[in-house]
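A closer look at the structure
Residues per chain, in single letters:
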Amino acid sequence: MSDALLSPRFLFRFRVPLRYCKEACGLAKFSLGDAYRLWNPAQLDEERTFADMRMGWNEQGIALAARVTGKRQPPWCRDTKPEDSDGLQVWLDTRDTHNIHRASRYCHRFVFLPAGVGRQNEQAFADQMIINRARENAKPIRPGALSVHAEVRADGYMLQGFIPSGAITGYEPAEHPRLGFTYAIQDRELGLQTFSVGSGFPYDEDPSVWATLELLR
């Protein structure tokens, strides 16, 4: 951890390319190669990173894949307590608005867990979540609209998810090719890995501190 009084990430507004992935679909079982890996700005804060995060897009929606390594314990996940569970949360703003501090109806929050459902909580879970203090919430999605697939391994887990276009209010890549974006990967054993800013900032509710994804073909 850096001794700087202000996080270096806070001094920049990041714009990161998001590459086109035509084979990704609602099955949530696809391959995102090295070209889809997101650069992690947490390196500027000299924070430890324990997850490899990859994303891609097409007209059908947004694909994501996270690989968490370095664990000695199985992930702790409960579908009834998604905020407290080990897993991935993603925030998207289809209007890439950085001059508001409270989320609009174009802002979304999704959670993907490698486990948490089933008799032994062994099945993966995905859902939409409310953004705290939002001026207006995004439209609710239908149950099962999000696709998720996970493999729990000895040293961590692999997690894949797909957010269909119908679950993303205002998702119009041709007219709005930039998305406000951040993510957080939470782990009780390994800690927290975030994207645009760290835990000292209200990234979970304030779109002004999110980065930008630029949709590229």
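As a reminder, the structure under discussion sits directly above these lines.
Remember, it's a predicted structure, so these values are computed and weren't measured experimentally.

1. Some remarks on the pairing of strand β5 (residues 107-117)
Burial within β5 is extensive, with 10 of its 11 residues counted as buried. Both strand β4 (residues 87-93) and β5 contribute to a ladder of six bridges, which runs antiparallel. The partner of V90 across the bridge, within β5, is F110. Both β5 and strand β6 (residues 123-128) contribute to a ladder of five bridges, which runs antiparallel. When the sheet's bridge partners are listed, F110 is paired in β6 with Q128. From the end of β5 to the start of β6, which pair antiparallel, there are five residues, and G118 there has a positive phi angle of about 105 degrees.

2. Side note on the packing of aromatic side chains
Counted under the stated rule, the structure contains five aromatic pairs. Members of the aromatic cluster, each reached through a chain of ring pairs, are F181, Y183 and F195. Sitting over the ring of Y20, R217 keeps its end group 4.3 Å from the ring centre.

3. A word on the sheet that holds strand β2 (residues 51-58)
Pairing in this open sheet of four strands is antiparallel, and the strands run β2-β3-β8-β7 from one edge to the other. In this open sheet, the two edge strands, each paired with only one partner strand, are β2 and β7 (147-153). Neighbour-to-neighbour, the strand axes of this sheet turn through a mean angle of 10 degrees, independent of strand direction. Where β7 lies against strand β8 (residues 156-164), seven bridges are found, and the strand directions are antiparallel. Among the inter-strand pairings, E151 is bridged to a residue of β8, identified as M158.

4. Here's the deal with unusual backbone geometry
Unusually for a residue other than glycine, D96 sits at a positive phi of about 45 degrees. In this fold, D96 is placed in the loop between β4 and β5. On the accessibility criterion, D96 (17% relative accessible area) is buried. In this structure, R133 is a non-glycine residue whose phi angle is positive, near 65 degrees. Along the chain, R133 turns up in the loop between β6 and β7.

5. Side note on the pairing of strand β11 (residues 211-216)
The sheet contact formed by strand β1 (residues 15-19) and β11 spans five bridges and is parallel. The residue of β11 that forms the bridge with P17 is E214. Relative to β11, strand β9 (residues 178-187) runs antiparallel, the two being bridged by four bridges. Paired with R178 across the bridge in β11 is E214.

Analysis parameters
Residues numbered from 1 in each chain as written. Predicted model: local features only at pLDDT ≥ 70, side-chain atom pairs only at ≥ 80, totals over all residues. Heavy atoms only, no water. Buried < 20%, exposed > 50% of the residue type's maximum accessible area, 1.4 Å probe, protein only. Helix = DSSP H or I, 4+ residues; strand = E, 2+ residues; numbered from the N terminus. Pairing = 2+ DSSP bridges. Phe/Tyr/Trp six-rings, centres within 6.5 Å; stacked < 30°, edge-to-face > 60°. Lys NZ or Arg CZ within 6 Å of the ring centre and 35° of its normal. Axes fitted to C-alpha atoms, helices over the stretch in contact; angles between N-to-C directions.

Shape descriptors only; they carry no functional weight alone.
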